[in-house]
Amino acid sequence: MVNDFPQALTIAGSDSDGSAGMQADLHTFFVRKTYGTSVITACVAGNSYGIHDSVTMPEHFINQEFKDLADDFKIRAAKTGMLDDTNMINIVVNNYKKYDFGPLIVDPVIVTKHGNMLLKQDALKTLKERLLPLATVITPNFYEAEKLTDKEIKSDNDIEQAAKELIKMGAKNVIIKGKHIAGETDKVRDYVLLESGKDFWIDGPYYNTTHKNGTGDSLSAAITAEIAKGTDIEQAIRIADEYVDRAIKNGIEVGHKFGPINHWS
């Protein structure tokens, strides 16, 4: 049947080196046997050494992308990646409310896994007030959970309380990715709190490698792909976590410095 094949959408920026952003999402959709579509919000020029230039797509173009996909495809789940500023968040929210693209997985790209701020304060406020309540699943890292809840996290109990706070703010399901520091960590722990009230920890080994670009993108994309296929939320999260773990463990040597994970592992 037309539109019977599972289709997913990434709303994100294009990363020219293919390791993160929209490219990582599309790699993941493909491997997870889901047809991937995209709304490009920005384009980044960079490589494994760093980012060297970027450009934001104009509003009329983004609106047209949303319309064209809605006019032709049956998208069953979607995810967001980095949204540059308040205006971009508002554009995405307005379009998502206008069209039916299924459950939304929000990867709140606010702070890097090393704690460096990526989003301005006014945009953070807009993300919390407008985008977070649309989230079927939200996937913050440790530092992003702190920023979203405006609370310092020092213990497992603090992480659990942060997840509860995010659900109070409107997200239906939460996975908080554990803090990890090279040389100080041998295990990674992610915490999951579901809409039903069920919660659990997912433990895994820490891999000391420079090839970890796009891990957060790929986790949220794998959850999106699984939901698009009809997998329930808990299993989608567990499958996505295992997928990313394998992709980091079985690295691929691409680029000279900070490289991608191996989506084919």
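See the structure printed just above.
Bear in mind the structure is a predicted one, so any value in this text is a computation, not a measurement. (Residues numbered from 1 in each chain as written. Predicted model: local features only at pLDDT ≥ 70, side-chain atom pairs only at ≥ 80, totals over all residues. Heavy atoms only, no water.)

A short note on the sheet that holds strand β4 (residues 77–80)
Argument step 1. Taking strand neighbours across the sheet as the criterion, the 9 strands line up as β3-β2-β1-β4-β5-β6-β7-β8-β9 in an open arrangement whose pairing is mixed. The open sheet has two edge strands with one neighbour each: β3 (50–56) and β9 (199–205). For this sheet, the mean angle separating the axes of adjacent strands, direction not counted, is 25 degrees.
Argument step 2. Examined bridge by bridge, strand β2 (residues 35–47) and β3 share 6 bridges and lie antiparallel to one another. Across the sheet, the residue bridging to C43 is V55, located in β3. (Pairing = 2+ DSSP bridges. Helix = DSSP H or I, 4+ residues; strand = E, 2+ residues; numbered from the N terminus. Axes fitted to C-alpha atoms, helices over the stretch in contact; angles between N-to-C directions.)

Considerations on helix α1 (residues 21–31)
Argument step 1. Looking only at α1, the buried set comprises G21, M22, Q23, A24, D25, T28 and F29.
Argument step 2. If you follow the buried residues of α1, they end up packed against β1 (7–15), β2, β4, α7 (215–228) and α8 (233–249). (Buried < 20%, exposed > 50% of the residue type's maximum accessible area, 1.4 Å probe, protein only. Contact = heavy atoms within 4.5 Å.)

Points about the pattern of salt bridges
Argument step 1. The final tally for this structure, using the stated rule, is 11 salt bridges.
Argument step 2. Residue R32 is joined to E226 by a salt bridge in which the shortest nitrogen-to-oxygen separation is 3.0 Å. Pair noted here: R32 is in the loop between α1 and β2 and E226 is in helix α7, with a separation of 194 residues, a long-range link. Each member of the pair, R32 as well as E226, carries the same accessibility label: buried.
Argument step 3. The salt bridge involving K187 is made with D203; its shortest N-O contact spans 3.9 Å. With a gap of 16 residues between them, K187 in strand β8 (residues 187–193) and D203 in strand β9 connect regions that are remote in the sequence.
Argument step 4. By relative accessible area, which is 43% here, K187 ends up partly exposed.
Argument step 5. Salt bridges sharing common partners tie together D156, K187, R189 and D203. (Salt bridge = Lys/Arg side-chain N within 4 Å of Asp/Glu carboxyl O.)

Take it as geometry only, folks, not as evidence of what the structure does.
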